[in-house]
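Summary of the model geometry
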2 protein chains.
Amino acid sequence: MRLALHEALKGRYLTYTNPMVGAVFVKNNKIIGVGHHLGFGYEHAEVNAFHNVQSPEEVNNSTLYVTLEPCSHFGKTPPCCRQLVAWGVKRVYIAQKDPNPLVGDKGISYLREHGVEIHLGLEQAAAEQLNQFYNFFYRQQRPFITLKVAQTLDGRVSLDGEQRTYLTDEVANQDVQKLRGDYQAILVGSGTVLADDPKLTVRHQLKYPPVRVVLDRRGRVTPVQQVTDDAAPTWLFTENQKSTAKLADTAVKVFYRPKWTIKLVIQELAQAGIQSVLVEGGPQLHDAFLLANNWQRLIVYQTNQLAGGTSLAAFQSRRQSTELTTLEIRSVKKIGNAIKITGEMA
Amino acid sequence: MRLALHEALKGRYLTYTNPMVGAVFVKNNKIIGVGHHLGFGYEHAEVNAFHNVQSPEEVNNSTLYVTLEPCSHFGKTPPCCRQLVAWGVKRVYIAQKDPNPLVGDKGISYLREHGVEIHLGLEQAAAEQLNQFYNFFYRQQRPFITLKVAQTLDGRVSLDGEQRTYLTDEVANQDVQKLRGDYQAILVGSGTVLADDPKLTVRHQLKYPPVRVVLDRRGRVTPVQQVTDDAAPTWLFTENQKSTAKLADTAVKVFYRPKWTIKLVIQELAQAGIQSVLVEGGPQLHDAFLLANNWQRLIVYQTNQLAGGTSLAAFQSRRQSTELTTLEIRSVKKIGNAIKITGEMA
């Protein structure tokens, strides 16, 4: 199963809304085939592993180790559990059930009904970790939300004035780029778009770049801003009806409502199938998420600098701060000029 | 020399304004005596090591390893270099010269003039580290200043409102107590005294507890505040002449001037022989030190909490923040519910 988990990772950045899955066929204590889910719309792991077996007959009477419950529905490919039965697989070790209601339990039931021996739960924790956003999304019916902050040692994100303040160095920036690639959407406020004019793209061209989501209540974003280019999809949430016309010549998808809340935006993203969101600020947006208590993880890139004075804090708004939110610190490591701190809601 | 360095540490918290020193006598490749500076006003390391040798004659023709240049002046004890000559020591390995102008080079010159073979610089870096505040003080003619901050993950020190906000847990607090013991003075602003009413003492009774220095321009501190008790000396710097009368019944020493600046306070402390100062805030005081560019080290205890909103930042004042101050991060470790980050002026 360890090998299957390792194999699954080969699908990273390619499976999009599908989970990463790895599969290994074993017969007479020998590995006869290894495979992974190749990518969204492509072969599932079981089929890929089958194609890697020298001759198809070998699979007869074999044992399959697979990191996720084999699928039972006709999607972009025929259901794997039928094929496993057809190939004569004798025994299947499954690390975790599929949380997707289209599949969950149905694959296992089908296999059991057709005489396949099922063992569930081997290396479950590692398998859950592998597709944590996918699992969270189907179980909680909402995307997994990570707040990402780059701040000075004293918790500031920019100096006073109009200029963009560069805090993280090249090494830390590359880590941020890699981080973005793991999420299906990147969410920022219009303040950040206007002040920093970020592209919000991932350096290495990804097949499925994260959607750039901009919260622009007042409708201040115009085609001048880089985020409106076609380097990746952009969805703009606004309370200003004029935004639609303003951005008509761009590829930006405008979501208008007279009133948007954090909750409504997240619901909209969930409905669009977005399983994970990286919230990159600015301070007011972060503070709104903090207040709404609507996030799972916080990643802080804390640099070796001090700003002091009246500079802008990472979580800042006009609201009175009356209580502390406690996190569980999961990891602390030095990356470039920053200390990267990862915490989760305690 | 390693043994001498290790031995020197036994004098920690006891040598006060004196340096920690360790000494080892070696003869015929055998260690014949080990000692350290016992404490302020007590035996120096060389003498202590001598007393630990089985019979005094053994020291004749021996080699001495000592972490600091032997003293040459009559202070609270007779000069060590004369005694070394009298004992017939043949060779002396010295890790570092004494930066104290009363001693520096004179001990070495005296020994050389009397035919003792001198080797300087063995394990010098470690020896310098051992007494870094002492070395800094005599070289720079001013105390070594460390800013200490306990803040949330988003760089805040207290929630809005009058209440004191407790951030660090018991384990982190104990580390702070230990830290305080290494400094000769703890400096706070009157805002912190009024808001938090801290005792600013070290838990374990020290022979030389750090002086509690309070910057109280407006003269707001009264005998009600714990810092005015007699658990440790307290020095109050004020621009309000009434403070002297107000605190007349306490042991507080009042330093009045019509105008105090950070620089003047530090000069006054230097003149009083204070070699090291731990600045514990609040935010305005920290920000004043940041602006004055007058500090050497920053220690941040960053807890697993978020505060957000308008809560108080660790370095905060009404001044515009127009540039970043860059540090060199020296260490990052988890202590209790905090990440302890130590940085020095880059």
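Residues numbered from 1 in each chain as written. Chains lettered and ligands numbered in written order. Predicted model: local features only at pLDDT ≥ 70, side-chain atom pairs only at ≥ 80, totals over all residues. Heavy atoms only, no water.

1. Describing unusual backbone geometry
This is how the line gets drawn: A run of H or I in DSSP becomes a helix once it reaches four residues, and a run of E becomes a strand once it reaches two; helices and strands are each numbered from the N terminus. A 1.4 Å probe rolled over the protein chains alone gives each residue an accessible area, and that area as a share of the maximum for its type sets the label: buried under 20%, exposed over 50%, partly exposed in between.
With an omega of 5 degrees, the peptide bond between G281(A) and G282(A) qualifies as cis. Relative to the helices and strands, G282(A) is located in the loop between strand 12 (276–279) and helix 11 (283–292). The phi angle at D197(B) is positive, at roughly 45 degrees, despite the residue not being glycine. Relative to the helices and strands, D197(B) is located in the loop between helix 8 (190–196) and strand 9 (211–215). Judged by relative accessible area, D197(B) falls into the partly exposed class, the value being 26%.

2. Re the domain arrangement of chain A
Residue and element names in this part refer to chain A. Selection criterion: An automatic or database domain assignment is the source of the domain bounds shown. The criterion used for residue contact is that any of the two residues' heavy atoms lie within 4.5 Å. Accessible-area loss on putting two parts together, using a 1.4 Å probe and summing over both, is the definition of buried area adopted here. A pairing counts as a salt bridge when a side-chain nitrogen of Lys or Arg comes within 4 Å of a carboxyl oxygen of Asp or Glu.
As assigned here, chain A comprises domain 1 (1–135) and domain 2 (142–345). Each of domain 1 and domain 2 has a C-alpha centre, and these two points are 35 Å apart. Across the contact, 10 residues belong to domain 1 and 13 residues belong to domain 2. Across the domain 1/domain 2 interface, buried area totals approximately 1200 Å², and carbon plus sulfur atoms make up 55% of it. When residues of domain 1 are sorted by the area they lose upon contact with domain 2, Y13, Y16 and F133 head the list and together hold 59% of the total. Where domain 1 packs against domain 2, one counts one salt bridge. Of the charged contacts, one joins D182 and R12 as a salt bridge, the two residues approaching to 2.7 Å between their closest N and O atoms.

3. Notes on the UniProt feature "binding site: substrate" (unreviewed entry) in chain A
Residues and elements named next belong to chain A. What counts is decided by this rule: UniProt positions are given in the numbering used here, feature names are shortened, and annotations may be inferred rather than shown by experiment. Residues adjacent in sequence count toward polar contacts only when both atoms are side-chain atoms; beyond that, a polar contact is any pair of N or O atoms within 3.5 Å, and within protein one must be able to donate a hydrogen and the other to accept it.
If you check UniProt for "binding site: substrate" (unreviewed entry), the listed places come out as R180, L200, R203 and E280 in our numbering. Within the secondary structure, R203 is located in the loop between helix 8 (190–196) and strand 9 (211–215). Judged by its relative accessible area of 45%, R203 is partly exposed. Apart from the residues within four sequence positions on either side, R203 is in contact with E170, N173, Q174 and Q177. Within the element layout of this structure, E280 appears in the loop between strand 12 and helix 11. Among all residues touching E280, those that are not within four sequence positions of it are K148, R180, I186, L187, V188 and H286. Of the polar contacts made by the side chain of E280, one reaches the side chain of K148; its length is 3.0 Å.

4. Some words on the UniProt feature "active site" (unreviewed entry) in chain A
Residues and elements named next belong to chain A. Cross-referencing UniProt, the feature "active site" (unreviewed entry) maps to E46 in the present numbering. Within the fold, E46 resides in helix 2 (residues 45–51). Judged by its relative accessible area of 3%, E46 is buried. Filtering out sequence-adjacent residues up to four positions away, E46 remains in contact with A23, F25, L64, V66, L68, P70, C71, C80, L84 and W87.

5. Some points on the interface of chain A and chain B
Filter applied, for reference: Charged residues are taken to be Asp, Glu, Lys and Arg, nonpolar residues to be Ala, Val, Leu, Ile, Met, Phe, Trp, Tyr, Cys and Pro, and polar residues to be all remaining types, Gly included. A pair of strands counts as paired when DSSP detects no fewer than two bridges linking them.
Opposite the 44 residues of chain A that make contact, chain B presents 44 residues. Carbon and sulfur atoms make up 62% of the surface buried where chain A meets chain B, a total of about 3500 Å² over both sides. Broken down residue by residue, the surface that chain A buries against chain B is led by L306(A), S321(A) and L324(A), which jointly contribute 20%. Put simply, chain A and chain B have 19 residue pairs in polar contact (both at pLDDT 80 or more) between them. Elements supplying a minimum of two residues to the side of chain A that touches chain B: helix 11, strand 13 (297–303), strand 14 (305–306), strand 16 (325–335) and strand 17 (338–345) of chain A. The element best represented in the side of chain A that touches chain B is strand 16 of chain A, accounting for six residues. In terms of residue class, the side of chain A that touches chain B is made up of 18 nonpolar, 18 polar and eight charged. When strand 16 of chain A meets strand 14 (residues 305–306) of chain B, the two strands line up antiparallel, connected through two bridges. Bridge pairing in strand 14 of chain B links T326(A) to Q305(B).

6. Describing the relation of the copies chain A and chain B
Our working definition: The copies are overlaid by a least-squares fit using only the C-alpha atoms of residues whose pLDDT is at least 70 in both copies.
Screw-axis analysis of chain A against chain B gives a translation of 0.0 Å along the axis, an RMSD of 0.0 Å, and a rotation angle of 180 degrees. Within this description, the copies of the chain are treated as partners about a two-fold rotation axis. Rotation axis and chain A: the residue whose C-alpha lies nearest the axis is G155(A), separated from it by 2.1 Å. Mapped onto chain B, 100% of the interface residues of chain A are again interface residues, and the two copies thus contact each other with one and the same surface.

7. So, the confidence of the model for chain A
Selection rule: Confidence of the predictor in every single residue is expressed as pLDDT, which spans 0 to 100.
For chain A, per-residue confidence averages 94 on the pLDDT scale, and residues scoring 70 or more make up 100% of the total. As a predicted assembly, this complex carries a pTM of 0.91 together with an ipTM value of 0.89.

8. Thoughts on the side chain of T234(B)
Residues and elements named next belong to chain B. In this fold, T234 is placed in strand 10 (residues 234–238). Among the residues examined, T234 registers a relative accessible area of 3% and is labelled buried. Within the structure, T234 has its side chain in polar contact with the backbone oxygen of V227 (distance 2.6 Å). Setting aside its immediate chain neighbours within four residues, T234 contacts R212, V214, V227, D229, A251, V252 and K253.

9. Overview of the side chain of T238(B)
All names here are of chain B. Position of T238 relative to the elements: it lies in strand 10. Reaching out from T238, the side chain makes a polar contact with the backbone oxygen of R217 at a distance of 3.3 Å. At 3.5 Å, the side chain of T238 forms a polar contact with the side chain of S243. Not counting residues within four places of it along the chain, the set of residues in contact with T238 comprises D216, R217, R218, G219, S243, V254, F255, Y256, R257 and W260.

10. Section: the environment of E58(B)
Residues and elements named next belong to chain B. Tracing the chain through its elements places E58 in the loop between helix 2 (45–51) and strand 3 (63–68). When the C-alpha positions of E58 and W235 are compared, they lie 49 Å apart, and in sequence the two are 177 residues distant. Contacts of E58, omitting those with residues within four sequence positions, involve K27, I32 and V53.

11. Side note on the sheet that holds strand 6 (residues 144–151) of chain A
To be explicit about the condition: Axes here mean lines fitted to C-alpha atoms, for a helix over just the part in contact, with angles spanning 0 to 180 degrees between N-to-C directions.
Strand order in the open sheet formed by 10 strands is 11(A)-10(A)-9(A)-8(A)-12(A)-6(A)-13(A)-17(A)-16(A)-14(B), with mixed pairing between adjacent strands. At either margin of the open sheet sits one strand with a lone partner, and together these are strand 11 (253–256) of chain A together with strand 14 of chain B. As paired elements, strand 8 (residues 185–189) of chain A and strand 9 of chain A share five bridges and run parallel to each other. Across the sheet, the residue bridging to I186(A) is R212(A), located in strand 9 of chain A. Its contacts with the sheet put helix 6 (residues 132–140) of chain A on strand 6, strand 12 and strand 13 of chain A, and the angle it makes with strand 6 of chain A is roughly 130 degrees. Contacts between helix 11 of chain A and the sheet are confined to strand 6, strand 8, strand 9, strand 12 and strand 16 of chain A together with strand 14 of chain B, with strand 6 of chain A contributing the most and set at about 135 degrees to the helix.

12. With respect to the environment of G39(B)
Residue and element names in this part refer to chain B. Looking at where G39 falls in the secondary structure, it is placed in the loop between strand 2 (30–36) and helix 2. For the pair G39 and Y13, spaced 26 residues apart in sequence, the C-alpha to C-alpha distance is 8.3 Å. Residue contacts for G39: discarding those within four places in its chain leaves L14 and T15.

13. Digging into the pairing of strand 12 of chain A
Walk down a regular strand and you will see the side chains alternate between the two sheet faces. Residue and element names in this part refer to chain A. Every second residue of strand 12 is oriented toward a common face, with S276 and L278 on one face and V277 and V279 on the other, all of them buried. Relative to strand 12, strand 6 is paired through four bridges, and the arrangement is parallel. Its bridge partner being in strand 12, I145 is matched across the sheet by V277. Taken together, the three bridges between strand 8 and strand 12 define a ladder with parallel strand orientation. Of the residues in strand 12, the one forming a bridge with L187 is V279.

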